[in-house]
Amino acid sequence: MTELGAVFRPQLPPERLRALARLADDTGLDQLWLWEDCFREGGISTAAAALAWTERVRVGVGLLPVPLRNVAITAMEAASLHRMFPGRAILGVGHGVQDWMGQVGARVESPVTLLREHLLALRALLNGERLTTEGRYVMLDDVALDWPPQTPVEVLAGATGPRTLRLSGEAADGTILTAATPPEGVRRARQLVDEGRKSADRTGPHRIVVYLLTATGPDAAARLHAELTAEGLAAVPDLGVAGDAATVAEAVRRLGEAGADSVILQPTADEPDPEGFLRFTAREVRPLLP
């Protein structure tokens, strides 16, 4: 079964989150995802608030840029969320947008090396290990969490290129794919992730989460085309979906058949009715999926 979620895009002011998180909870949505986009809203602060305002919906952060965060801080905050809201937080880490990292003086020479070191250290700390390591970017001296999660938790990685996709299979528990990923891209990503898992002798499950740029309503096709054009993606086949619930559900099914475990509907940045989009996702699209 493919899980279904929606994105609270950070183009919305943070004071809108409470009502939308509660609506996601009340309508039975599987997952609500948040972004830590520079320079809009913090991922951990918004996730904590959304989790506190709700009872059952899972809240994902996709993703926390590792150049901005010492891995010990990431581990402390992740562990706190997992202990306060068991089973409901989903956290992903990744390179971050390199131009943004450059703006704040955090851009590194080897993003892949940093992400590998961060993932390995983060998973060890969240597993309750005491860690001493001196890598190129991650350096810890006898560090352990006083309050690690009480049960095993997943750490996801955002990935696009082949090296990072293989790294995600090697060192993460799941992979987050952007809305620039059509079904064939999901298949290819799954293959590369599996190559990484094989190289590290990892046999456990590996969740694939993919965003699906989605528009509905009378001007849906125009809004979708405008956003894809603005992102330079208008020529990519099978990317995004515009239409009614049946059309959107079919696009979700195609991504699921390609290897996605969770499909997260991403409204266009100019979505005129965010509340209506959540209701559409939960009450119209979700019932059409197995």
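Residues numbered from 1 in each chain as written. Predicted model: local features only at pLDDT ≥ 70, side-chain atom pairs only at ≥ 80, totals over all residues. Heavy atoms only, no water.

## Looking at the overall build of the protein chain
Here is the rule we go by: Runs of H or I in DSSP of at least four residues are treated as helices and runs of E of at least two as strands, each being numbered from the N terminus. The globule rule used here is 2.2 Å times the number of residues to the 0.38 power, and the radius of gyration it is set against is calculated over C-alpha atoms. Each residue gets one of three labels from its accessible area relative to the maximum for its type: buried under 20%, exposed over 50%, partly exposed in between, using a 1.4 Å probe on protein chains only. Whether two residues are in contact is decided by their heavy atoms, any of which lying within 4.5 Å being enough. Residue-level accessible areas treat just the shown protein chains as cover; the underlying method is Shrake-Rupley with a 1.4 Å probe. The positive count covers Lys and Arg only, the negative count covers Asp and Glu only, and His and the chain ends enter neither. Every charge is mapped to an atom, namely NZ of Lys, CZ of Arg, CG of Asp or CD of Glu.
Looking only at helices and strands, the protein chain features ten helices and eleven strands. In terms of overall size, the protein chain behaves like a compact globule, its C-alpha atoms giving a radius of gyration of 18 Å where 290 residues would be expected to give roughly 19 Å. C-alpha extents for the protein chain along the principal axes are approximately 60 × 40 × 40 Å. A total of 290 residues make up the protein chain; the buried ones form 54% of that total. Put simply, of all contacts in the protein chain between residues at least 6 apart along the chain, 74% involve residues at least 24 apart. For the protein chain, the exposed area adds up to about 12900 Å²; of that, 51% sits on carbon and sulfur atoms. In the protein chain, the 30 positive side-chain charges and the 38 negative ones have mean positions that sit 2 Å from each other.

## Details of the packing of helix α5 (residues 111-126) against helix α6 (residues 162-171)
Applied cut-off: Axis definition: a line fitted to C-alpha atoms, over the contacting stretch in the case of helices. Angles run 0 to 180 degrees between N-to-C directions. Any angle from 65 to 115 degrees is called roughly perpendicular, while one under 35 is roughly parallel, one over 145 is roughly antiparallel, and all others are oblique. When the near helix sits turned anticlockwise from the far one by under a right angle, the crossing is termed left-handed; a clockwise turn instead gives a right-handed crossing.
Relative to each other, α5 and α6 sit at 15 degrees, their axes nearing to 10 Å. One way to sum up the angle between α5 and α6 is to call them roughly parallel. Our pair here, α5 against α6, has a crossing hand that is right-handed. Contacts from Val112, Leu115, Arg116, Leu119, Leu120 and Arg123 of α5 reach α6 at Arg163, Thr164, Leu167, Glu170 and Ala171.

## Description of the pairing of strand β8 (residues 174-177)
Filter applied, for reference: Each pair of strands is called paired provided DSSP finds at least two bridges between the two strands. By convention, a crossover is right-handed whenever its connection, traced from the first strand over the helix to the second and viewed with the strands pointing away, goes clockwise.
Going residue by residue along β8, you find Gly174 and Ile176 tucked away on one face and Thr175 and Leu177 tucked away on the opposite face as well. Judged from the three bridges that link them, strand β7 (residues 155-158) and β8 form a sheet pairing that is parallel. Bridge pairing in β8 links Ala157 to Thr175. Between the parallel pair β7 and β8, the chain is carried across by α6, and the sense of this crossover is right-handed. Bridge analysis of β8 against strand β9 (residues 207-215) gives four bridges, and the strand direction is parallel.

## Side note on the side chain of Thr281
Residue placement: Thr281 occurs in helix α10 (residues 274-285). Overall, Thr281 belongs to the buried group, its relative accessible area being 0%.

## Topic: the packing of helix α3 (residues 71-84) against α5
Filter applied, for reference: All residues other than Ala, Val, Leu, Ile, Met, Phe, Trp, Tyr, Cys, Pro, Asp, Glu, Lys and Arg, Gly among them, are scored as polar; the first ten of these are nonpolar and the last four charged.
For the pair α3 and α5, the least separation of the axes is 9 Å and the interaxial angle reads 40 degrees. When the axis of α3 is compared with that of α5, the two are oblique. α5 is crossed by α3, and the crossing has right-handed handedness. Counted together, Val71, Ala72, Thr74, Ala75, Ala78 and Ala79 of α3 and His118, Ala121, Leu122, Leu125 and Leu126 of α5 form the full contact between these two elements. Within the contact of α3 with α5, the residues separate by chemical class into nine nonpolar, two polar and no charged.

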